[in-house]
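Here are the chains, one letter per residue:
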Amino acid sequence: DALAGCIGKTSDGGKLIETDEDFATALLEEEGVAVVHGAAFGGSPAFRISYATSTEALTSACERIQRFCAGLR
């Protein structure tokens, strides 16, 4: 699971990612992308996105998620 590889890392903004909820919060604060943490649906570590939007918006969001993940240390 790709999100499992993010647990225990720190974001560019200094947020320690200990749970998928931490990931979702930091992603929103640092990249402006809203996702729902997997624990809310009984699946952790994971996140859910809504794709009921334009392809352009989804592409932008995916690019920002990738940038956020790439910045984790």
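The structure we're discussing is the one just above.
Residue indices begin from 1 for each chain and proceed along its sequence in written order. Confidence filtering applies because this is a predicted model: local features only for residues at pLDDT of at least 70, side-chain atom pairs given and counted only at 80 or more, and all residues used for totals across whole chains, interfaces and linings. Side-chain figures throughout are based on the complete set of non-hydrogen atoms in the structure, without hydrogens or water.

Strands are runs of DSSP state E lasting at least two residues, helices are runs of H or I lasting at least four, and both sets are numbered from the N terminus onward. Helix and strand content of the chain: two helices and two strands. Here the radius of gyration uses the C-alpha set of atoms, whereas the globule reference equals 2.2 Å times the residue count to the power 0.38. Its C-alpha atoms give the chain a radius of gyration of 12 Å, within 12% of the compact-globule value 11 Å for 73 residues. By its C-alpha atoms, the chain is 35 × 30 × 20 Å across when sized along the principal axes. Burial statistics for the chain: of 73 residues in total, 27% are counted as buried. Any pair of residues with heavy atoms lying within 4.5 Å of one another is described as a contacting pair. Look at the contacts in the chain between residues 6 or more apart in sequence, and 43% of them connect residues 24 or more apart. Asp and Glu count as negative and Lys and Arg as positive, but His and the ends of the chain are not part of the count. To locate a charge, take atom NZ for lysine, CZ for arginine, CG for aspartate or CD for glutamate. For the chain, the distance from the average site of its 6 positive side-chain charges to the average site of its 11 negative ones is 3 Å. Categorising residues by exposure relies on relative accessible area from a 1.4 Å probe, with only protein chains included: less than 20% of the type maximum marks a residue as buried, more than 50% marks it as exposed, and the intermediate range marks it as partly exposed.

A few words on the side chain of Glu31. Take Glu31: it is sitting in helix α1 (residues 20-31). Its relative accessible area of 16% is what places Glu31 among the buried residues. At 2.5 Å, the side chain of Glu31 forms a polar contact with the side chain of Arg67. Ignoring sequence-local partners within four residues, the contact set of Glu31 consists of Ala26, Arg64, Arg67 and Phe68. Two N or O atoms form a polar contact when they lie within 3.5 Å of each other; inside protein one atom must be a possible hydrogen donor and the other a possible acceptor, and for residues adjacent in sequence the pair counts only when both atoms belong to side chains.

On to the side chain of Asp22. Relative to the assigned elements, Asp22 resides in helix α1. Among the polar contacts listed, one links the side chain of Asp22 to the backbone nitrogen of Glu18, at a separation of 2.9 Å. Those residues in contact with Asp22 that lie beyond four places of it in its chain are Lys15, Leu16 and Ile17.

Let us look at the packing of α1 against helix α2 (residues 55-70). Only the stretch in contact is used when fitting a helix axis, every axis being a line fitted to C-alpha atoms; angles between N-to-C directions are given from 0 to 180 degrees. α2 packs onto α1 with a crossing angle of 110° between their chain directions and a minimal axis gap of 10 Å. With respect to α2, the axis of α1 lies roughly perpendicular. Facing α1, whose interface residues are Phe23, Ala26, Leu27, Glu30 and Glu31, α2 presents Arg64, Ile65, Arg67, Phe68 and Cys69. Split by residue class, the contact of α1 with α2 holds six nonpolar, no polar and four charged. For classification, angles of less than 35 degrees are called roughly parallel, those exceeding 145 degrees roughly antiparallel, those between 65 and 115 degrees roughly perpendicular, and all remaining angles oblique. Residue classes follow a fixed rule: Ala, Val, Leu, Ile, Met, Phe, Trp, Tyr, Cys and Pro count as nonpolar, while Asp, Glu, Lys and Arg count as charged, and any other residue, Gly among them, counts as polar.

Quick look at α2 now. Every α-helix carries 3.6 residues per turn, so stepping three or four residues along brings you back to the same face. In a regular helix each residue adds 1.5 Å, so 16 residues correspond to 22 Å; α2 covers 22 Å between its end C-alpha atoms and thus fits that length. Considering only its buried residues, α2 is in contact with α1 and β2 (47-48). A helix is expected to span 1.5 Å multiplied by its residue count minus one.

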